[in-house]
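Architecture at a glance
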Amino acid sequence: PSLRTLPHPIHVTKFPLDISPLARAADDDPRLTDRFETYIYGWEVANGFTELNDPRDQRRRFEAQLREREAGDDEAHQMDEDFVTALEYGMPPTGGLGVGIDRLTMLLTNSTSIRDVIAFPVLKPAQGSRPAAVQQQQQQQPGAEASVINGAEGVAEMGQPSTSVVQQTG
């Protein structure tokens, strides 16, 4: 069944080592990691794992990721020598958890769009409309040009980038 159709939250655990290069290998199966993701109505709302703290293992994984990157995988990690060096100095057992507060708020408020709950002042405009910041800038400075670019930060709709406004000078 699809994650979206399940009537309760789902915790997906034991991710493959290949797609979790920073997570510690599971004690019971070294092909898997101590990692989980939590989904509610098909939305990922949390991601957590036990951090890998073995510098030799981390270096091997980064090298494997580099080979994948060279073979055309744009999502593969790059080598991070500073991180490996830090691990060589020693890192205690560590774990982390990331929770999507915006997505949890959407669930709690029964919102279908992240626009309804996110606190960013400039969001991607509705289809076919111009951003308010562009309209305001053009009213204040007739003849001035503005460009709308897709930003890498923020999300206007699930999975879609936000819109930023950049004023061109000169």
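Reading the values: the criteria
- Residues numbered from 1 in each chain as written.
- Predicted model: local features only at pLDDT ≥ 70, side-chain atom pairs only at ≥ 80, totals over all residues.
- Heavy atoms only, no water.
- Helix = DSSP H or I, 4+ residues; strand = E, 2+ residues; numbered from the N terminus.
- Buried < 20%, exposed > 50% of the residue type's maximum accessible area, 1.4 Å probe, protein only.
- Contact = heavy atoms within 4.5 Å.
- Areas by Shrake-Rupley, 256 points an atom, 1.4 Å probe, with all protein chains shown as cover.
- Salt bridge = Lys/Arg side-chain N within 4 Å of Asp/Glu carboxyl O.
- Pairing = 2+ DSSP bridges.
- Axes fitted to C-alpha atoms, helices over the stretch in contact; angles between N-to-C directions.
- pLDDT = per-residue confidence, 0-100.
- Patch = residues over 30% accessible without salt bridge, like charges linked within 9 Å, V, L, I, M, F, W, Y side chains within 5 Å.
- Lys, Arg positive; Asp, Glu negative; His and termini not counted.
- Charge placed at Lys NZ, Arg CZ, Asp CG, Glu CD.
- Polar contact = N/O pair within 3.5 Å; in protein donor to acceptor, adjacent residues only side chain to side chain.

As for the overall build of the protein chain
- Helix and strand content of the protein chain: 4 helices and 6 strands.
- Starting at the N terminus and ending at the C terminus, the protein chain contains elements arranged as β-β-β-α-α-β-α-α-β-β.
- Looking at the protein chain as a whole, 25% of its 170 residues qualify as buried.
- Long-range contacts, defined as pairs at least 24 residues apart, comprise 49% of the intrachain contacts of the protein chain with a sequence gap of at least 6.
- Accessible area of the protein chain: about 11,300 Å², with a carbon and sulfur share of 52%.

Focus: the pattern of salt bridges
- If you walk through the whole model with that rule in mind, you get 8 salt bridges.
- Salt-bridge contacts for Glu81 lead to Arg59; the nearest nitrogen and oxygen are separated by 3.0 Å. Residue Glu81 is found in helix α2 (residues 81-89), and its partner Arg59 is found in helix α1 (residues 55-70); the two are separated by 22 residues along the sequence.
- On the accessibility criterion, Arg59 (25% relative accessible area) is partly exposed.
- In this structure, a network of salt bridges that share partners links the residues Lys14, Arg24, Asp27, Asp28 and Asp34.

Structural notes on the sheet that holds strand β1 (residues 10-13)
- One open sheet holds the 4 strands; their spatial order is β1-β2-β3-β4, and the pairing between them is antiparallel. Of all strands in the sheet, those bounded by a partner on one side alone are β1 and β4 (95-99). The mean inter-strand angle of the sheet, taken between neighbouring strand axes irrespective of direction, is 15°.
- Pairing geometry for β1 and strand β2 (residues 35-40), over 4 bridges, is antiparallel. Bridged to Ile10 within β2 is Tyr39.

Quick word on the confidence of the model for the protein chain
- Looking at the protein chain as a whole, its pLDDT mean stands at 75, while 69% of the residues score no less than 70.
- In the predicted structure, residues 143-170 sits below a pLDDT of 50 and forms 61 contacts with residues beyond four places in sequence or in another chain.

A short note on a negative patch on the surface
- A cluster of acidic side chains, namely Asp18, Glu68, Asp73, Asp74 and Glu75, defines a negative patch on the protein surface.
- Structurally, Glu75 is set in the loop between α1 and α2.
- Judged by its relative accessible area of 74%, Glu75 is exposed.

Some points on the environment of Glu81
- Overall, the relative accessible area of 39% leaves Glu81 in the partly exposed class.
- Distance in space between the C-alpha atoms of Glu81 and Phe62 is 9.3 Å, their sequence separation being 19 residues.
- Side-chain polar atoms of Glu81 contact the side chain of Arg59, separated by 3.0 Å.

Some remarks on the pairing of β2
- Summarising burial for β2: 5 of the 6 residues are buried, a large majority.
- Here β2 runs beside strand β3 (residues 43-50); their pairing, made up of 6 bridges, is antiparallel. The residue of β3 that forms the bridge with Glu37 is Asn47.
- Counted along the chain from β2 to the antiparallel partner β3, the turn is 2 residues long, and its residue Tyr41 has a positive phi close to 50°.

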